[in-house]
Amino acid sequence: MRSDPKDYELVAPGSLQAAVGLLARSPGEWLPIAGGTDVMVQYAAGKLPSRKLVSIWNLAELRSIEVLANEIRLGAGCTYTNIREHGVIGREFPMLSSAARWTGGIANQNRGTLGGNIVNASPAADSLPALLAYDAELILISVRGERRLPYAGFHAGYKKTKLAPDELIRAVCLPRRFSGYVCHARKVGSRNAQAISKVCMAALGRVAGQTVEDVHIAVGSVAPVPLRLSETELMLRGKVINESLVSAAKKMAVAEIRPIDDIRSTAKYRAAVTGNLVAEFLNLLSADGKA
Amino acid sequence: MSSSGEDRSKSEISFTVNGEQKTVLAFPMERLLDVLRLQLGLTGAKEGCGEGECGSCSLLMDGTLVNSCLVPALQAQGASIVTIEGLDASAGSQRLQEAFLECGGAQCGICTPGMILAASHLLNKNPRPTLEEIKEGLSGNLCRCTGYLQIFEAIATAAGRETAASS
Amino acid sequence: MNHERIVGTAVPRKEGREKVTGKAVYVDDMVLPGMLYGATVRSQIPRGRIKKITFETSVAWSEFVIVSAKDIPGKNCIALIGDDQPCLASDSINHPEEPVLLLAHPDRHALRKAVDAVSIEYNPLPAIFTMEESERGSEIVWGTDNVFKTYLIQKGNVDDVWSRADYIIEGEYSTGAQEQLYIENNGMVAAYDAKQGITVWGSLQCPYYVHKALMALCDLPAEKVRVVQMETGGAFGGKEDYPSMIAGHAALLAMKSGKPVKIVYDRAEDMAATTKRHPSRTRHRTALSRDGKILGGEIEFTIDGGAYATLSSVVLSRGAIHAGGPYYWPSVRIRAKAVATNAPPHGAFRGFGGPQSIFAMERHMDRIAQVVGLSPVEIRRRNFLQPGQTTTTEQVVRELIDLGKLLDRAISVSEYQTKKQEFAIENGTGATKKGIGIAAFLHGAGFTGSGERYLSSVVGVEGCADGGVRILVSSTEFGQGTKTVLCQIAAEALGLRYEDVTIAQPDTTEVPNSGPTVASRTVMVVGKLVESAARGIHQTLKLSGMLGDSYSAEEFRAACQAYVAGHGQLRSWAQYDPPPDVFWDDEKYRGEAYAAYSWAVYIAEVSVDLTTYSVSVNDFVALQEVGRVLHPVLAIGQIVGGVAQGIGFALFEKVIWQQGRMQNNQMTNYIMPTSSDLPPIRVFFEELGNVHGAFGAKGIGELPMDGPAPAIVNAIEDALGVRFDSIPLMPEDIYDAITARSLRGEDEVASVIR
């Protein structure tokens with residue numbers, strides 16, 4: 001343990017209103033902590049920049065999962081376990097379920113939250129490509145009220161987000177319009193469990209025969225932020241899947257990402273695997289069209 | 001201590017541990033692991049990595065498996081905590097411990113308390129897990145000695161006896 | 001008596017109940033009144049000289065106990081084989097984790113800030129980080145030539161074989177550093193008082209290594225140094241030599257402060273500063289006849305020892321002796337060398353040089369098979385050592401081992417031939433390629449050569465006042481089952497129940513020096529001594545007229561009680577006596593290298609996913625002959641655990657170095673297998689027995705570490721048709737190799753074929 005607990009303040013407001021009230025009084029000073037699966041790791045390593053923490057674990061307002069007619073609204077404090085165990089999510093957003101299952105071991109799934117994963121803003125976070133692929137929207141809350149914005153574009157740069165210093169993520173909204181889509185999510189890590197991704201992808205699409213009607217491809221760990229491969233998607237829409245299209249998509253995907261060499265992998269490996277995963281997805285899509 | 005800058009006061013934090021009500025005086029950001037080990041003398045939870053990777057500090061908090069190295073003490077306020085020391089009580093837990101002994105599930109023993117708590121958490125949710133489910137249930141608990149297979153066997157054995165005992 | 005009622009059965013692990021209930025006490029669970037916590041200030045540069053040490057004023061230094069090299073009462077070294085490693089650097093820095101100062105404080109949280117508030121200025125010197133740089137000698141960082149130790153093993157005249165060889169096949173193979181990654185970090189508690197001297201309690205493998213080191217460091221006589229082993233949470237060689245360092249540090253702080261001091265490393269410090277498996281490079285040049293028989297060869301085995309000599313010479317020795325594998329070499333020349341670099345010293349890790357040189361040998365056998373045009377099965381079969389033949393050190397194989405039979409059984413249980421055929425068809429299409437690979441190997445039990453003679457281990461068995469029997473050994477339990485198996489042996493030898501026998505917790509004031517718990521020697525060497533000391537107890541009772549030749553457990557208990565009541569004590573000692581026919585020449589490195597070998601054939605089945613270039617091991621067969629299996633459950637546990645570490649060695653565990661420092665010193669970034677990463681590991685034993693070990697046992701602990709890596713890499717080559725000669729083999733490496741091959745357009749044929 002490389003931090004001294006006496007140097008840190010931690011408060012636990014009893015309600016969401018009280019929590020945002022605290023943030024509002026001195027914006028940027030308080031670091032929210034939910035299940036601690038990221039914050040406590042930094043703390044133990046002596047690398048936590050903030051000395052004042054506000055616990056938002058156990059705020060009931062952040063823990064609900066509402067199933068509405070058009071969307072599912074997940075409280076930002078939902079844990080991976082909550083996500084894994086939710087039937088509608090499992091049926092309609094299986095890639096988010098899978099991502100929850102891939103994140104850490106059971107104990108970390110019991111504590112890690114979706115909102116935490118988003119604000120921690122690691123490009124390697126497993127759930128984020130799924131949120132991107134499903135066109136998620138975020139509801140942010142502060143004493144100034146709530147605002148709703150698309151999740152795409154929320155990450156402004158490496159470990160940077162559009163969250164204002166006095167705001168919390170209230171909920172994540174997933175539109176219920178992907179039934180009938182082919183989904184393909186894959187995590188490529190250093191081992192089968194408890195691994196930080198070297199590449200991860202969540203992709204969905206719909207074909208009529210062999211013609212791509214709609215396609216969303218999101219990737220993680222291959223750029224400073226999780227990414228939708230929008231140019232590749234644009235190029236694919238309306239085209240007939242064949243070998244040359246797959247090959248073109250691979251190339252375009254690789255051109256859209258900005259992978260790096262780090263202690264976990266190499267840029268060229270990440271690029272190659274991203275291309276392969278895109279190809280794998282398109283082949284599945286094509287197979288679905290033939291079925 | 002004087003060199004650490006401003007001292008912040010400790011908080012009274014109350015929770016139940018292994019069925020007993022406890023109130024401790026701790027800094028709110030102290031790790032639950034340290035509070036249990038140093039203040040309450042419950043040393044069954046071990047620190048292996050300090051970053052939630054190895055699972056040696058596993059315990060049950062309100063019935064859920066957590067890594068206690070990642071829980072700030074304040075978040076344990078009002079919680080019901082079960083450590084390996086408190087697991088002895090139930091017949092199911094004893095079956096698990098016996099099975100670990102018989103099948104060779106414990107070698108050096110350092111991961112064993114966490115492993116048994118993870119196993120207990122798994123069996124509470126899923127009394128007859130498949131091998132794949134056992135593997136997944138333990139994937140946050142690292143063991144360097146056994147190669148896991150005898151642990152899987154122990155859990156399957158305990159699950160089998162559990163079912164036999166309850167039918 | 002002696003119908004072997006206990007040996008060979010799965011009795012409960014002696015300390016098992018404490019472990020499953022969380023009551024077992026490890027060093028970090030220990031708190032002494034008034035205890036301080038200690039921390040280590042380390043160098044941050046790989047090589048240089050200390051210019052100046054500054055204590056920043058942000059810390060209230062008067063609250064701290066501070067120890068530097070000047071405070072060492074005795075010799076500033078960690079006494080082991082040589083005495084070159086300082087306990088605290090006073091001037092020269094030779095690696096980036098070198099201890100410089102020690103700090104202690106009652107509040108453990110205060111230490112980190114204090115460690116960070118010590119700044120050390122250096123005159124840096126150029127450093128070297130690879131074996132090749134070390135060999136070039138442009139910088140001499142140790143001794144006069146950067147060489148810790150060399151060995152030359154020569155058999156026959158290898159210079160004669162090249163001219164009559166049909167094939168000469170060369171290869172170079174390398175293995176990386178590997179972290180032991182015991183789940184319990186290293187730690188020690190020390191207490192000092194002028195009358196009793198120093199006592200340390202810790203996580204350790206070798207109490208008498210620590211004892212020796214503390215005597216030299218603290219300048220204390222033997223009776224004023226006491227070393228107690230606490231329950232130890234895994235070791236695997238990683239707690240063989242470094243505990244002496246930590247014990248020394250805790251002792252120095254305890255002596256200076258007059259208070260007990262605990263030093264427990266966190267994971268980051270443990271991974272960065274303590275020992276790892278030696279990185280290695282092996283070059284083979286082998287002469288073969290047309291029918292695939294080895295005529296002779298040259299093997300050059302080099303290991304990176306890091307900054308100080310520590311255990312490198314003995315790791316090198318074992319690696320060199322195992323370099324020829326389980327094959328018959330009519331002639332061979334093995335040159336072995338341990339070189340210095342500016343990394344923390346590498347040390348013991350299960351297998352101790354064997355996994356390194358065996359990886360090379362077993363990869364090379366597959367390469368030979370390809371060139372000669374034989375199957376991996378056949379090439380091995382044709383070259384296996386047979387009883388009566390001699391090893392590379394000219395040790396006659398006296399055991400009636402039939403390696404061909406082991407191979408046949410492994411082939412059969414793994415369905416090798418069927419799978420070979422299936423994979424040949426399946427691999428044509430699809431993004432997953434499957435392969436199957438073999439490794440055959442041997443592992444010597446006990447210390448090498450004259451080692452056991454020098455150790456001259458002593459074991460005690462005590463009859464207790466309550467009529468029970470207690471074993472006195474310094475051999476430690478760290479998961480392998482030392483306590484259980486030694487108690488089985490004593491119970492068996494005396495015809496008692498397993499419950500009648502206990503074993504003392506190793507404490508140098510109570511137990512004799514039965515040698516270090518290393519080298520797969522405990523069951524075979526120490527076990528045999530326990531058997532003999534136990535029989536001595538019976539002898540004494542019999543000579544005193546209190547017990548006959550046959551007796552019940554109750555009769556024994558009564559006799560033992562009566563004897564102790566009458567004589568005060570009932571103890572029996574046994575000391576190692578080398579077998580008379582054992583010959584070993586330390587100069588020429590020739591003779592009986594080990595009293596016995598264990599033998600094995602492992603077969604791995606893998607699939608390689610060409611979308612992600614990642615490898616899964618789908619099935620693993622581990623078949624071995626380890627003499628008599630004394631405890632089936634523990635023995636399987638040793639094999640499965642060793643195979644798991646071997647899979648990590650091959651596919652997962654990569655130390656990332658930068659300027660001699662480990663960069664990925666976190667469990668998150670140094671990847672060991674989880675419960676989801678291992679195949680079914682199917683364990684099979686052949687039991688031939690052995691005259692040297694207790695009830696026919698041989699060594700088992702290290703053996704399973706040797707075979708998995710080559711078997712897996714052989715399987716990967718089988719799957720992909722691409723050669724890999726270096727581990728750890730990561731998906732990135734596989735991607736690179738496949739890309740390189742597709743750029744070249746065809747397989748390379750690089751061997752020299754005459």
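The shown structure was predicted, so the numbers you read here are calculated from the model rather than taken from an experiment.

Caption draft 1: Summary view of the interface of chain B and chain C. The partner chain C presents 59 residues to the 50 residues of chain B that form the contact. Taken together, the two surfaces of chain B and chain C that pack against each other cover about 4100 Å², and 54% of this comes from carbon and sulfur. Between the two partners, chain B and chain C, sit 6 salt bridges. Residue Arg17 of chain C is joined to Glu98 of chain B by a salt bridge in which the shortest nitrogen-to-oxygen separation is 2.9 Å. Summed over the shared surface of chain B and chain C, the number is 28 residue pairs in polar contact (both at pLDDT 80 or more). Listed by contribution, the elements that provide at least two residues to the side of chain B that touches chain C are α1 (32-39), α2 (84-87), α3 (91-103), α4 (112-125), α5 (131-137) and α6 (149-166) of chain B. In terms of residues, the side of chain B that touches chain C owes the most to one element, α3 of chain B, which gives 6 residues. Of the residues in the side of chain B that touches chain C, the class split is 20 nonpolar, 16 polar and 14 charged.

Caption draft 2: Expanded view of the packing of aromatic side chains. Going through the model one piece at a time under the given rule, you end up with 21 aromatic pairs over all chains. An angle of 5° between the planes, with centres 5.8 Å apart, marks the rings of Tyr327 of chain C and Phe384 of chain C as stacked. Of this pair, Tyr327 of chain C sits in the loop between α7 (312-322) and β15 (332-339) while Phe384 of chain C sits in the loop between α9 (376-383) and α10 (403-413); the two residues are 57 residues apart in sequence, bridging distant segments of the chain. The same class applies to Tyr327 of chain C and to Phe384 of chain C, which are both buried. Both rings, one in Tyr602 of chain C and one in Phe620 of chain C, keep their centres 5.6 Å apart while their planes meet at 80°; by these two values the pair is edge-to-face. Of this pair, Tyr602 of chain C sits in strand β23 (residues 596-609) while Phe620 of chain C is found in strand β24 (residues 614-625), placing the two residues 18 residues apart along the sequence. For the residue pair Tyr602 of chain C and Phe620 of chain C, the accessibility class agrees, reading buried in each case. By the ring-pair criterion, three or more aromatic residues cluster together here, those being Phe93, Tyr134, Phe178 and Tyr181 of chain A. Between Arg111 of chain A and the ring centre of Trp57 of chain A, over which it is positioned, the NZ or CZ distance is 4.3 Å. Between the NZ or CZ atom of Lys239 of chain C and the centre of the ring of Tyr182 of chain C, over which it lies, the distance is 4.4 Å.

Caption draft 3: Just the sheet that holds strand β16 (residues 432-445) of chain C, in detail. All names here are of chain C. Strand order in the open sheet formed by 4 strands is β16-β23-β24-β27, and the pairing between neighbours is mixed. The open sheet has two edge strands, β16 and β27 (681-686), and neither has a second partner. Here the strands of the sheet are splayed against their neighbours by 15° on average, with no regard to which way each runs. Here 6 bridges tie β24 to β27, and the two strands are oriented parallel to one another. By the bridge assignment, Gln624 is partnered in β27 with Phe685. Along the sheet face, helix α11 (residues 416-426) touches β16, β23 and β24 and points at about 150° away from the line of β16.

Caption draft 4: Just the domain arrangement of chain A, in detail. As far as domains go, chain A holds domain 1 (5-55), domain 2 (60-175) and domain 3 (182-290). For domain 1 of chain A and domain 3 of chain A, the distance between their C-alpha centroids amounts to 36 Å.

Caption draft 5: Main features of unusual backbone geometry. The peptide bond linking Ile727 of chain C to Pro728 of chain C adopts the cis configuration, its omega dihedral lying at 0°. Along the chain, Pro728 of chain C falls in the loop between β28 (726-727) and α19 (731-744). Within the chain, Asn58 of chain A stands out as a residue other than glycine whose phi angle is a positive 75°. Along the chain, the position of Asn58 of chain A falls in the loop between β3 (52-55) and β4 (65-67). A relative accessible area of 53% places Asn58 of chain A in the exposed class. Phi at Ser520 of chain C is positive, roughly 50°, even though this residue is not glycine. Checked against the element boundaries, Ser520 of chain C lands in the loop between β19 (501-503) and α14 (522-543).

Caption draft 6: Broad picture of the interface of chain A and chain B. Contact with chain A, which involves 35 residues of that partner, is made by 34 residues of chain B. With both chains or domains summed, chain A and chain B bury close to 2800 Å², and 57% of this area falls on carbon and sulfur atoms. Counting the surface chain A buries against chain B, the share from its top three residues, Lys6, Leu10 and Met40 of chain A, is 24%. Seen at the junction of chain A and chain B, the total is 4 salt bridges. Summed over the shared surface of chain A and chain B, the number is 11 residue pairs in polar contact (both at pLDDT 80 or more). Where the side of chain A that touches chain B is concerned, the elements lending two or more residues are β1 (9-11), α2 (39-44), β3, α3 (80-85) and α6 (106-111) of chain A. Looking at which element gives the most residues to the side of chain A that touches chain B, the answer is α6 of chain A, with 5 residues. Here the side of chain A that touches chain B is composed, by residue class, of 17 nonpolar, 9 polar and 9 charged.

Caption draft 7: Expanded view of the state of the cysteines. Residue and element names in this part refer to chain A. In total, this model carries 0 disulfides over all chains according to the counting rule given. Here Cys173 stays free of any disulfide, with the sulfur of Cys78 as its closest cysteine sulfur at 12 Å. Counting only cysteine sulfurs, Cys200 is the nearest neighbor of Cys183, a cysteine outside any disulfide, at a range of 15 Å.

Caption draft 8: Region of the structure containing the pattern of salt bridges. Residues and elements named next belong to chain C. Across all of its chains, the model carries 96 salt bridges over all chains by this definition. We note a salt bridge from Glu172 to Arg283, for which the minimum N-O separation is 2.8 Å. Taken together, the positions of Glu172 in strand β8 (residues 167-175) and Arg283 in strand β13 (residues 280-288) put the pair 111 residues apart, joining distant regions of the chain. With a relative accessible area of 41%, Glu172 lands in the partly exposed category. Salt-bridge contacts for Arg363 lead to Glu717; the nearest nitrogen and oxygen are separated by 2.6 Å. In this pair, Arg363 sits in helix α8 (residues 354-372) while Glu717 sits in helix α18 (residues 708-720), placing the two residues 354 residues apart along the sequence. Per residue, the accessibility class of Arg363 equals that of Glu717, and both read buried. Among the charged side chains, a salt-bridge network with shared partners connects Glu132, Glu135, Glu172, Arg281, Arg283, Glu300 and Lys337.

Caption draft 9: Geometry of the sheet that holds strand β4 (residues 64-67) of chain B. Residues and elements named next belong to chain B. The sheet built from 5 strands is open, its strands ordered β2-β1-β5-β3-β4 with mixed pairing. Where the open sheet ends on each side, the last strands, each with one partner, are β2 (20-26) and β4. Neighbouring strand axes in the sheet, compared pairwise and without regard to direction, differ in orientation by 40° on average. Of the strand pairs in this sheet, strand β3 (residues 58-61) and strand β5 (residues 80-82) are connected by 2 bridges, and their pairing is antiparallel. Paired with Leu60 across the bridge in β5 is Val82. Most of the contacts of α1 go to β2, to which it runs at about 105°, and overall it touches β1 (11-17), β2, β3 and β5. Across the sheet, α4 touches β3, β4 and β5, and the angle it forms with β3 is around 40°.

Rules used throughout
Residues numbered from 1 in each chain as written. Chains lettered and ligands numbered in written order. Predicted model: local features only at pLDDT ≥ 70, side-chain atom pairs only at ≥ 80, totals over all residues. Heavy atoms only, no water. Contact = heavy atoms within 4.5 Å. Buried area = accessible area lost by both parts, 1.4 Å probe. Salt bridge = Lys/Arg side-chain N within 4 Å of Asp/Glu carboxyl O. Polar contact = N/O pair within 3.5 Å; in protein donor to acceptor, adjacent residues only side chain to side chain. Helix = DSSP H or I, 4+ residues; strand = E, 2+ residues; numbered from the N terminus. Nonpolar A, V, L, I, M, F, W, Y, C, P; charged D, E, K, R; others polar. Phe/Tyr/Trp six-rings, centres within 6.5 Å; stacked < 30°, edge-to-face > 60°. Buried < 20%, exposed > 50% of the residue type's maximum accessible area, 1.4 Å probe, protein only. Lys NZ or Arg CZ within 6 Å of the ring centre and 35° of its normal. Pairing = 2+ DSSP bridges. Axes fitted to C-alpha atoms, helices over the stretch in contact; angles between N-to-C directions. Domains from an automatic or database assignment. Disulfide = S-S within 2.5 Å.

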